[in-house]
Amino acid sequence: MSSARDRVQALREAIERHNIAYYALDAPLIGDADYDRLFAELQALEAEHPELRSVDSPTQRVGAAPLPEFAARAHATPMLSLNNAFADDEVAAFDRRVREGLASDGAGEVNYSAEPKFDGLAVSLRYQDGRLLQGATRGDGTTGEDVTANLRTLRSIPLRLQGSDWPAVLDVRGEVLMLRSDFAQMNEQQREKGEKAFVNPRNAAAGSLRQLDPRITATRPLRFFAYGVGVPAGTAGAGLPATHSELLDRLAAWGFPVARERRRVLGLAGLLAYYAEIGRLRATLPYDIDGVVYKVDDLAAQARLGFVSRAPRFALAHKFAAEEAVTELLEISIQVGRTGALTPVARLKPVFVGGVTVINATLHNEDEIRRKDVRIGDTVVVRRAGDVIPEVVRVLPEKRPAAARRFSMPQSCPVCGSRVVRSEEEKSEKDENDEKDEREVQGVAAVARCTGGLYCPAQRKQALLHFASRRAMDIEGLGDKLVEQLVDNAIVRTPADLYQLGVAALANLERLAEKSAGNLLAAIEKSKQTTLARFIYALGIRNVGEATARELARHFGALERLLAADETQLLQVPEVGPIVAQCIRQFCSEPHNQTVIEQLRAAGVSWSESDAAAVSAGALAGKVFVLTGALPSLTRDAAGQRIMAAGGKVTGSVSKKTDFVVAGAEAGSKLEKAQRLGVSVIDEGQLLALLQAAPENP
Ligand code: IVH
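A. The arrangement of the pattern of salt bridges in detail. With the rule as written, the count across this model stands at 42 salt bridges. Between Glu-16 and Arg-61 there is a salt bridge, and its shortest N-O distance comes to 3.1 Å. Of this pair, Glu-16 sits in helix 1 (residues 2–24) while Arg-61 sits in the loop between helix 2 (32–48) and strand 1 (72–74), and the two are 45 residues apart along the sequence. On the accessibility criterion, Glu-16 (9% relative accessible area) is buried. Residue Asp-367 pairs with Arg-422 through a salt bridge whose shortest N-O separation is 3.5 Å. Of this pair, Asp-367 sits in helix 11 (residues 366–372) while Arg-422 sits in strand 19 (residues 420–425); the two residues are 55 residues apart in sequence, bridging distant segments of the chain. What you see here is one network of salt bridges that share partners, running through Asp-373, Arg-375, Asp-378, Arg-400 and Arg-406.

Here's what the structure looks like:
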């Protein structure tokens, strides 16, 4: 019996040693057949002696039973991100900051550890007393997902550390990835089995690691490379080396694969030479990288330099330029975004670039197409970096065929047929109803937009969510998931359809119990009684936020007057400039929108026409407020609501026109400015006193 135990122990150690020789040292000591024999012998002994089984036996790397979901795991020390640089002068600036930061110790040229930047997924492995205990993904850097069962299947991750000079508690940080050769082979097999191939090694690694069934992960050729450690506070990290490059050597000695291409380099010149060298080697490396990483080598110096927000001052990612490729532009089609922006998209002859096959690339907008003189049929250069959308960089005019055609934007929306308008969009005109996540609009650009805001299927979900939101029609319970289902099942097309909903239509929806269906219908019913200001805001007219909607309601008093107003009349309203006026005209003159508004009113949506007048007679009519700092009992949002309900106006910055600055705790520059300009500064108590005469709700 004791001999079986000894043999099991010896086999486990031998197999782990062979794993390390193969995966970490790239120098196998025995052939596959001999390895398989040792493995089979261990399996047989464990089957015969169940009492000897252990989770950290190499035989357990085949994967445990599937999980229902991944549990969340907080990282004992956060997993940080890195600041990026592309150009040499950004690297020079980094090196300068590092030297300045360390100047007190008379530092001259700084020693750096330079490494490839692996293009995989970051994970953290917890070792306790040298045994693998837990593994988690990076997640948001603070909390990740527990993927221990999956990580145990990677033979490049030691289940037990070699040697004995490790801290009792240690988090090993590194990257899970797929080697290019393994990826190619796996995809080949996927295709043979008639299954979907993965686009690139990174996606394949991510998909494989996040399998709920570890037995699937076990069949995928994932690798781990270590690049650092976290030593949880309060545990004895003593005994770790003094420099990062020695730490990497130590990780290798403990049995982890570490990048062979790591180097210790001196100063800016050393960094740039390393970047050039790895750039040349890039195509021949066994794995994908997207740059190199520089870290101040001395760990005590790292600690002194510290962090700015989520990234260390002592490290920098120096990225490689995006990859480019040449292909043919077959057609230009139009995509309508959630907010009605029309984006021209190049349909390309498929081309492999930046690790994926690209068939579409963005052309941004019509001006860009003109500027680059892109024509259908052209040979074009496309670029793709990381996860960003591929773009057409330029055309090769010498390859232009005689039949190449110019492109022009359609006059009507390809999705709903509403009119398309072109608008110069600038940041200054944006207010609270503006899209935050519309990346195509940066600075000033001529954007083509569909005007069928309430009607266009491309904008449906967005329009409904906005319509139902708390400050608009305030339909409680109508959130993301429900809107998604209502639209996808063609139950609701426009906001007016909401008021035709019945229990029967809702009955078939997933996850909507009878009771919540009832609650939703009640909330919809309740929303019918609203205010003109809310209704105008709910329409989701571009550039018409809550404050503008109030001004419009106050000025026109009745919806019909707003709908009929021309630009000159609109310009008389405070808050309304030429761009806002134009947006309102465009919206109100689109027949599709008019129809939806009529349907809403016919369904019983109403307000008392005297609202607007009541508001302007409110206690704070015409007074301009700025809120700053934390108020003791009200949120700034709630305070703003009440000021507006009483007819006051809330703006974001202090000027001579400001009547009151309401200052709470830790008020900063706005308070100073108010004092400088002699604007009245009041506290929450004084604000509440001012509000007393005013009604609670708008
Ligand atoms: S060090 C304190 N080293 O890059 C700095 N990160 O933006 C912590 N990455 O998702 C990171 N190769 O997974 C470091 N040699 C390397 C790296 C590396 C790839 C990834 C890392 C993280 C991202 C940080």
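B. How the structure looks around the pairing of strand 15 (residues 341–353). By the bridge criterion, seven bridges tie strand 14 (residues 323–336) to strand 15 in an arrangement that is antiparallel. From the neighbouring strand, Gln-335 faces strand 15, where its bridge partner is Thr-343. Taking the residues between adjacent antiparallel strands as the criterion, strand 14 and strand 15 are bridged by four residues, where Gly-340 takes a positive phi near 95 degrees. For strand 15 and strand 16 (residues 356–362), the ladder comprises six bridges, and the chain directions are antiparallel. Of the residues in strand 16, the one forming a bridge with Ala-346 is Ala-361.

C. The arrangement of helix 2 in detail. Across its 17 residues, helix 2 extends 24 Å between first and last C-alpha, which sits within 8% of the 24 Å expected from 1.5 Å per residue. Of all the residues in helix 2, the buried ones are Tyr-35, Leu-38, Phe-39, Leu-42, Leu-45 and Glu-46. Looking down the long axis of helix 2, one finds its buried residues gathered within 125 degrees of arc, a one-sided arrangement. Exposed side chains of helix 2 directed beyond 90 degrees from the buried face belong to Ala-33, Arg-37 and Glu-48.

D. Local environment of the packing of helix 24 (residues 636–645) against helix 26 (residues 684–691). One way to put it is that helix 24 packs onto helix 26 with a least axis distance of 10 Å and a crossing angle of 30 degrees. On the basis of the axis angle, helix 24 is roughly parallel to helix 26. At the point where helix 24 passes helix 26, the crossing takes the left-handed sense. Within the contact between the two elements, helix 24 uses Ala-639, Arg-642 and Ile-643 and helix 26 uses Leu-687, Leu-688 and Leu-691. Tallied by class, residues from the contact of helix 24 with helix 26 come to five nonpolar, no polar and one charged.

E. Quick peek at the packing of helix 12 (residues 460–468) against helix 13 (residues 480–488). At a closest axis distance of 10 Å, the pairing of helix 12 and helix 13 adopts a crossing angle of 135 degrees. What the angle tells us is that helix 12 and helix 13 run oblique. Considering the relative orientation of helix 12 and helix 13, their crossing is right-handed. For the pair formed by helix 12 and helix 13, the contact residues are Arg-460, Lys-461, Leu-464 and Leu-465 on the first element and Asp-480, Val-483, Glu-484, Val-487 and Asp-488 on the second. By residue class, the composition of the contact of helix 12 with helix 13 is four nonpolar, no polar and five charged.

F. Broad picture of the environment of Asp-290. Here Asp-290 is to be found in strand 10 (residues 289–296). Remark: the alpha-carbon pair of Asp-290 and Leu-121, spanning 169 residues in sequence, is separated by 12 Å. The contacts of Asp-290, once residues within four sequence positions are left out, are Lys-117, Phe-118, Asp-119, Arg-282, Lys-319 and Phe-320.

G. Molecular detail of the sheet that holds strand 5 (residues 131–137). Strand order in the open sheet made by the four strands is 5-4-7-8, with antiparallel pairing throughout. Looking at the sheet topology across the chains shown, the edges are occupied by strand 5 and strand 8 (222–230). Going from strand to strand, the sheet's axes swing by 30 degrees on average, the running direction of each strand aside. Across the sheet, helix 8 (residues 244–253) is in contact with strand 7 (169–178) and strand 8; its angle to strand 8 comes to roughly 135 degrees.

H. Structural detail: the site of the ligand. Around the ligand, the structure places 13 residues, and the nearest of them are Leu-82, Glu-115, Glu-175, Tyr-227 and Lys-295. One of the side-chain N or O atoms of Glu-115 is found 2.8 Å from a nitrogen atom in the ligand. Note that an oxygen atom of the ligand is positioned 2.7 Å from one of the side-chain N or O atoms of Tyr-227. For the shell around the ligand, the secondary-structure elements that each account for two or more residues are strand 3 (111–118) and strand 10. Among the elements that make up the shell around the ligand, the one with the highest residue count is strand 3 (four residues). Across the shell around the ligand, the residue classes break down as seven nonpolar, one polar and five charged.

I. Layout of unusual backbone geometry. Phi at Asn-543 is positive, roughly 70 degrees, even though this residue is not glycine. Looking at where Asn-543 falls in the secondary structure, it is placed in the loop between helix 17 (532–538) and helix 18 (546–556). Residue classification places Asn-543 among the buried positions, given a relative accessible area of 5%. Look at Glu-666: it is not a glycine, yet its phi comes out positive at around 55 degrees. Accessibility expressed as a relative area gives 81% for Glu-666, which makes it exposed.

J. Structural context of the nonpolar core. Ranked by internal contacts, the top residues of the largest apolar core, which has 57 residues, are Ile-475, Tyr-499 and Leu-552. Sequence-distant contacts of Tyr-499, defined by excluding residues within four places in its chain, comprise Phe-467, Met-473, Ile-475, Ile-524, Ser-527, Lys-528, Leu-600, Ala-603 and Val-605.

K. Spotlight on the environment of Thr-494. Looking at the secondary structure, you find Thr-494 in the loop between helix 13 and helix 14 (495–498). In the structure, Thr-494 is positioned 290 residues away from Ala-204 in sequence and 40 Å away in space, judged by C-alpha atoms. Beyond its immediate stretch of four places on either side in the chain, Thr-494 contacts Leu-454, Tyr-455, Leu-464, Val-596 and Gln-599.

L. Layout of the pairing of strand 23 (residues 660–663). Of the two faces of strand 23, the one carrying Phe-660 and Val-662 and the one carrying Val-661 and Ala-663 are both buried. Strand direction decides the pairing type here: strand 21 (residues 624–628) and strand 23, joined by four bridges, are parallel. In the sheet register, Val-626 faces strand 23, and the bridge partner there is Val-661. Two elements, strand 23 and strand 24 (residues 680–682), share three bridges in a ladder whose sense is parallel. For Phe-660, the partnering residue across the bridge sits in strand 24 and is Ser-680. One crossover worth recording links strand 23 to the parallel strand 24 by way of helix 25 (residues 669–677), and it is right-handed.

Rules behind the numbers
- Residues numbered from 1 in each chain as written.
- Predicted model: local features only at pLDDT ≥ 70, side-chain atom pairs only at ≥ 80, totals over all residues.
- Heavy atoms only, no water.
- Salt bridge = Lys/Arg side-chain N within 4 Å of Asp/Glu carboxyl O.
- Helix = DSSP H or I, 4+ residues; strand = E, 2+ residues; numbered from the N terminus.
- Buried < 20%, exposed > 50% of the residue type's maximum accessible area, 1.4 Å probe, protein only.
- Pairing = 2+ DSSP bridges.
- Expected span 1.5 Å × (residues − 1).
- Arc of directions from axis to C-beta.
- Axes fitted to C-alpha atoms, helices over the stretch in contact; angles between N-to-C directions.
- Parallel < 35°, antiparallel > 145°, perpendicular 65-115°, else oblique.
- Left-handed = near helix turned anticlockwise from the far one by under 90°.
- Contact = heavy atoms within 4.5 Å.
- Nonpolar A, V, L, I, M, F, W, Y, C, P; charged D, E, K, R; others polar.
- Near = heavy atom within 4 Å.
- Polar contact = N/O pair within 3.5 Å; in protein donor to acceptor, adjacent residues only side chain to side chain.
- Core = buried A, V, L, I, M, F, W, Y, C linked by side-chain atoms within 4.5 Å.
- Right-handed = clockwise from strand over helix to strand, strands pointing away.

By themselves these figures say nothing about function.
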